[in-house]
Amino acid sequence: MYDDLHTPEDHSETEPGYQPPRSKAGNNDGALTHQAPDREVPIPNSGTALLHQWLDGDVGIAVVRATPGGNDAVDLWNKIHDEAETLRSRTTPLYVHKRIMDSLPDDTYRGHHPWYKRSISMSPAVMIAAAAVLLALGALIAHAVLK
Amino acid sequence: MTSATEQVDQADLDQEVIKRVLNGSRDSFELLIVRYSDPLYRHALGMTGSPDVAEDILQQSFIKAYAHLGEVRGRFDAWVFRIVANACKDWLKNIRRSHVSYEEDDQPSSYSTPEEELDRNELRTDLEVALAALAPALREAFVMKHVEGRSYEEMAELLRTTVGALKMRVHRAREALQHLLEGKYA
């Protein structure tokens, strides 16, 4: 689920000679015009573009560090990333679950179905007792009819 | 990341629970709260910077979800996420606060030295101030991408917009944050 800000150093796109696709965009005006509605991302200078690509997990960290000011940017984003990790580990305090349940209205869906359509819960002991009563009642009625 | 199959299974389970709640089993709603409260709480916390506000937004959102449960079409988690996300944006639009911080809660510290904790608290405060300066839509995109760790595709599905539009928001948010923080930390 989580994208990693720290793309491995051995990313294939970090190899010498790799050129990010966006740096070629200016040479292909026709294609760029055609694709523009889907991108909606302005083309920044190459250092910024590479930084975004690294933060999106598309290029390795070494590529960004090699750009002017890249080391400072990487260090800053590593700090921000550490802070984001702290927030990412947060969980809902347990009392909040209870607070929400306590604040739900009791009767919102109770009246939606007639009583004979609602499910009921019954323990096995009650079920056995009810069955015994019904059997006894049936036997009494049968006895009275056959007399 | 959860697979598509797991998501479908989860959606089926959610539909079962929803059916039970609509049939009058109020207590079944707690299953949905337990299942989805953490990512929703993190979103609200990232958007508001305040645990108290995040808890209130979560509570109000689940009450609203309960009241309108019969209107759920499609995935419950995406539906309830939009309720929380809208509540967060409304809060940001209506209440302009100059400074809020995660520090007001009593989560245990995980830093090794008091100096490290001091540095991190300073960064946390500065980051929160910088996030508060962003437009709600930019903050939302940044929080979803970098705090919640969602993919652009997942964000697009939840927010019902395009991947391109979200990339633009995230890029703008990053550039604004970098501009605000680099003088001190870079």
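All figures in this text were calculated on a predicted structure; none of them were measured in a lab. (Residues numbered from 1 in each chain as written. Chains lettered and ligands numbered in written order. Predicted model: local features only at pLDDT ≥ 70, side-chain atom pairs only at ≥ 80, totals over all residues. Heavy atoms only, no water.)

Caption draft 1: Fine view of the interface of chain B and chain A. Opposite the 60 residues of chain B that make contact, chain A presents 48 residues. Both faces combined, the contact of chain B with chain A buries some 5,000 Å², and carbon together with sulfur accounts for 57% of it. At the boundary of chain B with chain A, the tally comes to five salt bridges. The closest approach of N and O atoms between R99(A) and E55(B), which form a salt bridge, is 3.6 Å. One can count 24 residue pairs in polar contact (both at pLDDT 80 or more) joining chain B with chain A. Every element with two or more residues in the side of chain B that touches chain A is listed here: α1 (4-22), α2 (29-48), α3 (51-67), α5 (114-132), α6 (136-147), α7 (152-159) and α8 (163-185) of chain B. When the residues that make up the side of chain B that touches chain A are grouped by side-chain class, the tally is 27 nonpolar, 15 polar and 18 charged. (Contact = heavy atoms within 4.5 Å. Buried area = accessible area lost by both parts, 1.4 Å probe. Salt bridge = Lys/Arg side-chain N within 4 Å of Asp/Glu carboxyl O. Polar contact = N/O pair within 3.5 Å; in protein donor to acceptor, adjacent residues only side chain to side chain. Helix = DSSP H or I, 4+ residues; strand = E, 2+ residues; numbered from the N terminus. Nonpolar A, V, L, I, M, F, W, Y, C, P; charged D, E, K, R; others polar.)

Caption draft 2: Here's a closer look at the packing of α7(B) against α8(B). Residues and elements named next belong to chain B. Two elements in contact, α7 and α8, have axes separated by 9 Å at closest approach and are oriented at 110 degrees. Judged by the angle between their axes, α7 and α8 are roughly perpendicular. Note on element contacts: α8 touches α7 through V163, L166, K167, V170, H171 and R174, opposite Y152, E153, M155, A156 and L159. (Axes fitted to C-alpha atoms, helices over the stretch in contact; angles between N-to-C directions. Parallel < 35°, antiparallel > 145°, perpendicular 65-115°, else oblique.)

Caption draft 3: The arrangement of the pattern of salt bridges in detail. Counted according to the given criterion, the structure contains 17 salt bridges over all chains. Across the pair D75(A) and R65(A) runs a salt bridge whose closest N-O atoms are separated by 3.5 Å. One end of the pair, D75(A), is in helix α4 (residues 70-88); the other, R65(A), is in helix α3 (residues 61-65), with ten residues separating them in the sequence. The class for D75(A) is partly exposed, based on a relative accessible area of 34%. Members of the salt-bridge network, linked through shared partners, are R99(A), E55(B) and D56(B). (Buried < 20%, exposed > 50% of the residue type's maximum accessible area, 1.4 Å probe, protein only.)

Caption draft 4: Focus on the confidence of the model for chain B. This prediction gives chain B a mean pLDDT of 86; 84% of its residues lie at or above 70. The low-confidence segment residues 98-109 of chain B, where pLDDT is below 50, has 28 contacts with residues more than four positions distant or belonging to other chains. (pLDDT = per-residue confidence, 0-100.)

Caption draft 5: Focus on the environment of G70(A). Residue and element names in this part refer to chain A. On the secondary structure map, G70 appears in helix α4. The spacing of G70 and L50 is 20 residues in sequence and 9.3 Å in space, taken between C-alpha atoms. Among residues more than four places away in sequence, those in contact with G70 are V64 and R65.

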